[in-house]
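So the chains spell out like this:
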Amino acid sequence: MAEMVPVLTIDGPSGAGKGTVSRALAKRLGWHFLDSGALYRALALSAMAQGIPPEDEDRVAALAAQMQLEFGGQSGERVLVDGRDVTDLLATEECGRVASKIAALAKVRQALLEKQRAFRQAPGLVADGRDMGTVVFPDAPYKVFLTATLKERARRRFLQLKAQGLDVNLDQIIKDLEERDRRDRERKQAPLVPAQDAVIIDSSDLCVEEVVDRILALLPPEIGKRCCQS
Ligand code: DC
């Protein structure tokens, strides 16, 4: 039964390092990985391509229900929508901004709920997002809320986008992050808040390996041992 499969949820604001840390954890544990932000970004991309405005809840929700999303590549790093690899189109700030807007729509979140739960497969799942521990997998046994200061998150996002060859401006990134954080935190549907039973980790002064080790230390020794042997 899917409910028996362990889930480690990693929620937090944009740029806190959730993606890198979650992928590293999934690899170390040999578990599946769900990048739920990619679902919202892929949906935003499809809506933009079809000229559907982000405010049109019914049409965006219908699109969400139809969309076939898969993760491919060696460690699930490629995102395929209806069989087409759209990974390189999802990183832009515009895509993130539209994703944040459509993510505030109740019908859209509902349409994506079961798609996300379907990723819960043996031997386990690392789920990265905003509401993984609160709404999508409230019964997950292991929950982390990963955060960092706005300045540090903006700095990381700047370096990440620059490495992808995008033309970026730090002040604009700070503004975008602030706006996106506010929308994600203040929305009525599944707002960005730590689950009551989540462990909060501030990654501002930690490197990826330190964060990964802190999270692995939260898991029971039998899981930790298995992962260290592999
Ligand atoms: O993690 P990300 O930046 O790729 O996410 C893009 C947007 O999607 C983010 O602004 C909020 C939304 N999102 C959400 O509402 N719930 C999730 N579980 C994941 C992302």
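Residues numbered from 1 in each chain as written. Predicted model: local features only at pLDDT ≥ 70, side-chain atom pairs only at ≥ 80, totals over all residues. Heavy atoms only, no water.

With that settled, consider the packing of aromatic side chains. The relative placement of two aromatic rings is captured by the distance of their centres and the angle of their planes. In the structure shown here, the tally under the stated rule is one aromatic pair. On the basis of an interplanar angle of 65° and a centroid distance of 5.6 Å, the ring pair of Phe71 and Phe119 is categorised as edge-to-face. A residue pair is termed long-range when its members are at least 10 positions apart, and Phe71 in strand S3 (residues 69-72) and Phe119 in the loop between helix H5 (106-117) and strand S6 (125-129) qualify at 48 residues. (Phe/Tyr/Trp six-rings, centres within 6.5 Å; stacked < 30°, edge-to-face > 60°. Helix = DSSP H or I, 4+ residues; strand = E, 2+ residues; numbered from the N terminus.)

All right, on to the site of the ligand then. Residues in contact with the ligand amount to 15 residues; listed here are only the nearest, Arg41, Arg109, Arg130, Asp131 and Arg187. Ser36 places a side-chain nitrogen or oxygen 2.9 Å from a nitrogen atom of the ligand. Here the ligand has 440 Å² of accessible area as a free molecule, and 95% of this is covered by the chains. Within the residue set of the shell around the ligand, elements represented by two or more residues are helix H2 (36-49), helix H4 (93-102) and helix H8 (170-186). Top element by residues in the shell around the ligand is H2. It accounts for four residues. Taken together, the residues that form the shell around the ligand break down as four nonpolar, four polar and seven charged. (Near = heavy atom within 4 Å. Polar contact = N/O pair within 3.5 Å; in protein donor to acceptor, adjacent residues only side chain to side chain. Areas by Shrake-Rupley, 256 points an atom, 1.4 Å probe, with all protein chains shown as cover. Nonpolar A, V, L, I, M, F, W, Y, C, P; charged D, E, K, R; others polar.)

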